[in-house]
Every structure is written in C-alpha cells, then in structure tokens.
Amino acid sequence: MAKRVRRKKSGQKAAIPTYREEGVKASRPDTRPALIALFLVILLIGSALYFTSMVEDSSAVVEYGVNAEVLTNNHNTEPGQDTDFVLVVTNKGSIADTFDVGVKSNDGGFTITIEEGYESIVVDKNKGKPVIINVKTSSSATGLLYAYLEVKSRGDGTKTAEVRLDVNTDHEFGNKTSRGDSVSVEYAGILARNANLFDSSMGQVWENYQYLKSGVEPRADTGNLQAANIGCDGNGIPTEECGGSRQMIPGFDAKMVGMHEGQILAVRIPAKDAYGVDSNGHNLGGEDLIFVIDMVSID
C-alpha cells in the first residue's frame, strides 16, 4: 500500500497586490491628446457653420421699398402766406437705405422748401423718419391747390413713393400772435428719430396715423390746448407784455410767437429745448421732437 506523503505547508504567503494610487495613475492611459482632438473637431464644425451662415446671408435677396405720408393734410392758407407739412418716410426694405426727397409736380405754383439737411435721409429698415416741408402760396393763389412730393430709394431707383400736399387758399388768416398773448392751439407731437406719435389733441391724427410711441394708446380728440404768456420767462421778463411765465416747453412756446390765427406750422425741437437731455428726467427726456401746431385763436 502506498503511503500518503504529506507536504509541509510553506511558511511564506502569496503576495497580495496593493493597488496603490501611484500604481493606478501609472496604469491609466493619457486622454489629453483625445480631448485636444475633440476640441479641434468642435472648433472646425463651429467655424464651418459660421462661414456657411455668412454665405447664406450674403446670398439672401435684398429688398427695397418705401412709404411716404404726411402727418396732417388739407391745410388752410391765406394767399401769399405759408404752411408746414410733416412728411414721414418709412423704409419698407430689408436693409437700411438712403432716400432722396424732392418735388415731383407743383400744379399749385407753390414755393416748396424741404427742411435743410433732410433732402436726403438714411432710414433703418422698418423705421420711419420725419421731414418738415414748407409750402408758400403765391399772392394770386385761389381755390384748392396741390403738389406732389416724391421719395426715391437710392438702393433701387425704381422704388419710389408719392404724397400729395393739399392746400386751400380760399382762406384768410386772423391776427398775428405776439409775446405775452394767451392762445388756443391744436397740436401733434412725434419723435424726431423715428416719427412715432407720442401725443396729440387732434382726433384725426389718432384715427389715421399708425406709428405710435411704445406705451401710447390712441385716444379721442381732447380739444384745444390753452397756453398763456407765450414768449415769456416771467412777470415782466423779457418785456412788460409778460404777465407771467410761459406754460409750454421752450421750443414749442417760441414757435407760437408770430403765428397767425388759422395757420399751421411745424417745428423741430432739440432735446435741450424740449424735456431736457437727461433721459431719466422725463419719459421724453433726451429726445428731439417735432410738433405740428395749428394756431386756433388768440384768447
């Protein structure tokens, strides 16, 4: 019978791996090249998309268009006297454009003066810009007369807009205002930078004019505006005709002095002569304004 041979157990134990941190780190692959490559791929894709969009934009069809209208029309004017219209030019194109304002026809035999510096105007897309047009009638004028203005795009000379100015010369003005008078007027006020209406006492303007300042809602005719002590800075200042201080902003007040009863004129007022240059001082602060003023009566 064979004897079983017992082997002696070794006194040494098998080595157990310790997996120390430095060993793990040494065993991990270096991922930095892969991350750099991924970053470069993303950068290349982004650049390709950017340049593709530029090519698409450059190939987009550029459109030109223009609209023209007047804030008020059908003015009464005494023969030999003048009246003002406010022309509003709106860019209907897809990019900013320059527009030339001129007289297309003048059947009324008027002397027409386009506001100095505004014979050509730059208007951003979907924006408007106002221009004051002075119309002086001849001393022999009679009846209902008219003239046409033309606004032409420089981007596309075929894109034009016409507007008709109507003047009734079968009219006589009343007295002429002077410093210290109290008067009644009707008015409409728009922002000079974009022609948006912010206030008016004229119901027909609210009914017919579509471009309103943000936050302004159309309203009914509010009647005449009363203004006392026009042209005055205080009691006896600058002359003895002044019984107190003016009640209107300086630019508006100054325009009323020298107007005739029944006359309609317009004025462009810089911010310093309106509600000040500080945009925080008033909701119209910092804004140049344009007003149409209808001198109803001297009270």
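Residues numbered from 1 in each chain as written. Predicted model: local features only at pLDDT ≥ 70, side-chain atom pairs only at ≥ 80, totals over all residues. Heavy atoms only, no water.

A look at the confidence of the model for the protein
Of the residues in the protein, 86% have a pLDDT of 70 or more, and the chain-wide mean is 89. For the stretch residues 13-24, pLDDT sits under 50, and the model shows one contact to residues farther than four places along the chain or on other chains. (pLDDT = per-residue confidence, 0-100. Contact = heavy atoms within 4.5 Å.)

What to know about the sheet that holds strand E8 (residues 144-153)
Within the open sheet, the five strands sit side by side as E2-E9-E8-E4-E6. Their pairing is mixed. Two strands bound the open sheet, and with one partner strand each, they are strand E2 (75-76) and strand E6 (120-123). The sheet contact formed by strand E4 (residues 97-105) and E8 spans six bridges and is antiparallel. For Val103, the partnering residue across the bridge sits in E8 and is Leu149. (Pairing = 2+ DSSP bridges. Helix = DSSP H or I, 4+ residues; strand = E, 2+ residues; numbered from the N terminus.)

Comments concerning the packing of aromatic side chains
Scanning the entire structure with this criterion turns up six aromatic pairs. Relative to Phe252, the ring of Tyr187 lies with its centre 6.2 Å away and its plane at 85°, an arrangement referred to as edge-to-face. With Tyr187 in strand E10 (residues 183-191) and Phe252 in helix H4 (residues 250-256), the pair connects residues that are 65 residues apart, well separated along the chain. The exposure classification of Tyr187 matches that of Phe252, with both residues buried. (Phe/Tyr/Trp six-rings, centres within 6.5 Å; stacked < 30°, edge-to-face > 60°. Buried < 20%, exposed > 50% of the residue type's maximum accessible area, 1.4 Å probe, protein only.)

Examining the environment of His171
Structurally, His171 is set in the loop between strand E9 (160-168) and E10. Classification of His171 as partly exposed rests on a relative accessible area of 25%. Excluding anything up to four places from it in sequence, His171 contacts Asn76, Thr77, Glu78, Pro79 and Gly262.

Structural notes on the state of the cysteines
Summed over all chains, the structure comprises one disulfide. The partner cysteine of Cys232 in its disulfide is Cys242, sulfur to sulfur 2.1 Å. With the S-S bond torsion at -85°, the cross-link from Cys232 to Cys242 turns out left-handed. You can see Cys232 sitting in the loop between strand E12 (225-227) and strand E13 (233-235) and its partner Cys242 sitting in the loop between E13 and strand E14 (243-245), a full ten residues away along the chain. Summarising the burial analysis for this pair, Cys232 and Cys242 share the class buried. (Disulfide = S-S within 2.5 Å.)

Some details on the side chain of Thr169
Take Thr169: it is sitting in the loop between E9 and E10. Residues within four places of Thr169 in sequence aside, it is in contact with Thr77, Pro79, Thr137, Ala141, Thr142, Gly143 and Leu145.

Considering the sheet that holds strand E7 (residues 128-136)
Pairing is antiparallel in the open sheet, where four strands are placed in the order E1-E3-E7-E5. Of all the strands in the sheet, the pair left with one neighbour each is strand E1 (66-70) and strand E5 (111-114). Direction aside, neighbouring strands of the sheet carry axes that sit 25° apart on average. Across four bridges, the pairing between E5 and E7 is antiparallel. Residue pairing for E7: Ile112 is matched across the bridge by Val135. (Axes fitted to C-alpha atoms, helices over the stretch in contact; angles between N-to-C directions.)

Some thoughts on the nonpolar core
In this structure, Leu87, Ile133, Val135 and Val151 are the most contacted members of the largest nonpolar core, which totals 25 residues. At the level of secondary structure, the elements contributing two or more residues to this core comprise E1, strand E3 (82-91), E4, E5, E6, E7, E8 and E9. Beyond its immediate chain neighbours, meaning those up to four positions away, Val135 contacts Gln81, Asp82, Thr83, Phe85, Phe110, Thr111, Ile112, Leu165 and Val167. Counting residues in each nonpolar core, the second largest holds 21 residues, with Phe198, Ile230, Ile249 and Phe252 among its members. (Core = buried A, V, L, I, M, F, W, Y, C linked by side-chain atoms within 4.5 Å.)

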